[in-house]
Amino acid sequence: MQKRVLAIHDISCVGRCSLTVALPVLSAVGVETSILPTAILSTHTGGFTGYTFRDLTQDMMPIAEHWKSLDLRVDAIYTGYLGSFQQIEIVKKIIDMFRREDTLVLVDPVMGDNGSMYAGFGPEFAKGMVGLCQKADIIIPNLTEAALLLDEEYAGEERSKAEVEDMMGRLSKLCGCSVAVTGVSTSGEDLGAGTFDRETGKVAYSLTGRVHEYYHGTGDVFGSSFLAAVLNGKSLEQSAQIAADFTRQGILNAIEDGQEPRYGADFERSIPWLIKAVKGQL
Ligand code: PXL
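Residues numbered from 1 in each chain as written. Predicted model: local features only at pLDDT ≥ 70, side-chain atom pairs only at ≥ 80, totals over all residues. Heavy atoms only, no water.

**Student:** Can you walk me through the packing of aromatic side chains in this structure?
**Tutor:** The relation between two aromatic rings is expressed through the spacing of the ring centres and the mutual angle of the planes. Considering all chains together, one arrives at 8 aromatic pairs under this definition. Three or more aromatic residues joined by ring pairs form one cluster here, namely Tyr81, Phe85, Tyr118, Phe121 and Phe125. Stacked on the ring of Phe98, the Lys or Arg Lys68 has its end atom at 5.3 Å from the ring centre. (Phe/Tyr/Trp six-rings, centres within 6.5 Å; stacked < 30°, edge-to-face > 60°. Lys NZ or Arg CZ within 6 Å of the ring centre and 35° of its normal.)

**Student:** So what exactly am I meant to see when it comes to the site of the ligand here?
**Tutor:** Close contacts around the ligand come from 13 residues, with Asp10, Ser12, Thr45, Tyr81 and Asp220 the closest. One nitrogen or oxygen atom from the side chain of Thr45 is found 2.7 Å from an oxygen atom belonging to the ligand. Between the ligand and Asp220 there is a distance of 2.6 Å, counted from an oxygen atom to a side-chain nitrogen or oxygen. Relative to its unbound accessible surface of 310 Å², the ligand loses 95% to contact with the protein. Structurally, the ligand is housed in the largest pocket. When the residues that make up the shell around the ligand are grouped by side-chain class, the tally is 5 nonpolar, 6 polar and 2 charged. (Near = heavy atom within 4 Å. Polar contact = N/O pair within 3.5 Å; in protein donor to acceptor, adjacent residues only side chain to side chain. Areas by Shrake-Rupley, 256 points an atom, 1.4 Å probe, with all protein chains shown as cover. 1 Å grid on protein atoms, 1.4 Å probe; cavity = no way out; pocket = protein on both sides within 12 Å on 5 of 7 lines; lining within 4 Å. Sits in = over half its atoms within 2 Å of the grid points. Nonpolar A, V, L, I, M, F, W, Y, C, P; charged D, E, K, R; others polar.)

**Student:** Can you walk me through the packing of helix 3 (residues 86-98) against helix 4 (residues 123-133) in this structure?
**Tutor:** The packing of two helices is summarised by the inter-axis angle and the distance between the axes. One can describe the packing of helix 3 onto helix 4 by two numbers: an axis separation of 9 Å at closest approach and a directional angle of 5 degrees. In terms of orientation, helix 3 and helix 4 fall into the roughly parallel class. Each of Ile88, Val91, Lys92 and Ile95 in helix 3 lies in contact with helix 4, whose residues at this interface are Phe125, Gly128, Met129, Gly131 and Leu132. For the contact of helix 3 with helix 4, the class distribution of residues is 6 nonpolar, 2 polar and 1 charged. (Axes fitted to C-alpha atoms, helices over the stretch in contact; angles between N-to-C directions. Helix = DSSP H or I, 4+ residues; strand = E, 2+ residues; numbered from the N terminus. Parallel < 35°, antiparallel > 145°, perpendicular 65-115°, else oblique. Contact = heavy atoms within 4.5 Å.)

**Student:** Honestly, the nonpolar core in this entry has me stumped. Any pointers?
**Tutor:** Soluble, globular proteins show a tendency: their nonpolar side chains are buried together. In terms of nonpolar packing, the biggest core is built from 46 residues, with Ile94 and Ile139 touching the most fellow members. At the level of elements, strand 1 (4-14), helix 2 (57-69), helix 3, strand 5 (104-107), helix 4, helix 5 (143-149), helix 6 (161-175) and strand 9 (178-184) are the ones that each hand at least two residues to this core. When near neighbours in sequence (up to four residues on either side) are disregarded, Ile94 contacts Leu6, Ile8, Leu36, Met60, Met61 and Ala64. One finds Leu104, Ala229, Val230 and Ile242 within the second-largest nonpolar core, a separate group that totals 34 residues. (Core = buried A, V, L, I, M, F, W, Y, C linked by side-chain atoms within 4.5 Å. Buried < 20%, exposed > 50% of the residue type's maximum accessible area, 1.4 Å probe, protein only.)

**Student:** Would you mind going over the layout of surface pockets with me for this structure?
**Tutor:** Roughly 1000 Å³ of internal volume is contained in the largest pocket. Here the lining of the largest pocket is built from residues that sort into 16 nonpolar, 21 polar and 9 charged. (Points joined across faces, edges and corners; volume = space filled by probe spheres on them.)

**Student:** Help me understand the side chain of Asp10, please; the structure alone is not making it clear to me.
**Tutor:** Tracing the backbone shows Asp10 in strand 1. Buried Asp10, no salt bridge; nearest opposite-charge side chain is Arg54, N-O distance 13 Å. Of the polar contacts made by the side chain of Asp10, one reaches the side chain of Ser12; its length is 2.6 Å. Apart from the residues lying within four places of it in its own chain, the contact partners of Asp10 are Ser18, Leu19, Thr38, Ala39, Leu41 and Tyr81. (Lys, Arg positive; Asp, Glu negative; His and termini not counted. Salt bridge = Lys/Arg side-chain N within 4 Å of Asp/Glu carboxyl O.)

**Student:** Quick question: what am I supposed to make of the pattern of salt bridges here?
**Tutor:** Here the idea is simple: oppositely charged side chains can pair when their charged atoms come close. Scanning the entire structure with this criterion turns up 17 salt bridges. For the salt bridge of Arg4 with Glu32, the shortest nitrogen-to-oxygen distance reads 3.3 Å. In this pair, Arg4 is assigned in strand 1 and Glu32 in strand 2 (residues 32-43), connecting sequence segments 28 residues apart. A salt bridge links Arg210 to Glu157; the shortest N-O distance between them is 3.0 Å. Of this pair, Arg210 sits in the loop between strand 11 (203-209) and helix 7 (218-230) while Glu157 sits in the loop between helix 5 and helix 6, placing them 53 residues apart in sequence. When its relative accessible area of 34% is taken as the criterion, Glu157 is described as partly exposed. The network of salt bridges with common partners includes Arg99, Asp137, Arg198 and Glu199.

By themselves these figures say nothing about function.
And the structure:
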């Protein structure tokens, strides 16, 4: 039976991130993607000024209640950028409403990057986000978000494996879930994710060659392709490797085209590769 994901993120109308990434990526690998938008923005908040922002906090529960009346089956819930602090509690309730025994809950605790919080987020958000991560089977914070969840100082990008492993172990214990930490570089020339499996305690790295350019929305390209791989039966480690490689390709495509970083990675051109990778046809 075809799988259905419920993707709970904002719609940034321009600047490939959140739902404009999750929808095409998940659909491309054969997963039906139902959406619960948290806010509608003219662009994302990084690298643009003067963007519009419509908060959809009041609409979320009525939408979810309508689906509940349809007895909608959801195989996975994938949450990302939230439009208000109150949405943390709303999303927790929605997870409880739709979770069945085998529903996979993937939480991307979107709050910041490069050591700072995104516009509009305050310190209370990190505490609330821990509560949402405690509902997850897998969380995919970047290093900035990992530090915020653990309530510690951001210690920069380059980390030893021992530091990454210690951090992942503590995150898994705090949230009771498996972890893929993104933006990990062990040598300065590599970049990708560290993974920690909550069942086995297994630690692994899914790294790829580093591209020395910062493109917006790459956390969402990673998260969406990661989930695409997990739902096609790939392991945590294999899924993180596919996602790291797909994200890198999207950045390289955008550079080749001379695209501005704020318009996001050109992942579209690599969708045929992703489909083969998740189906094991490479
Ligand atoms: O990709 C993360 C993200 C999602 N949605 C909005 C954002 C950002 C990052 O800046 O601004 C609206």
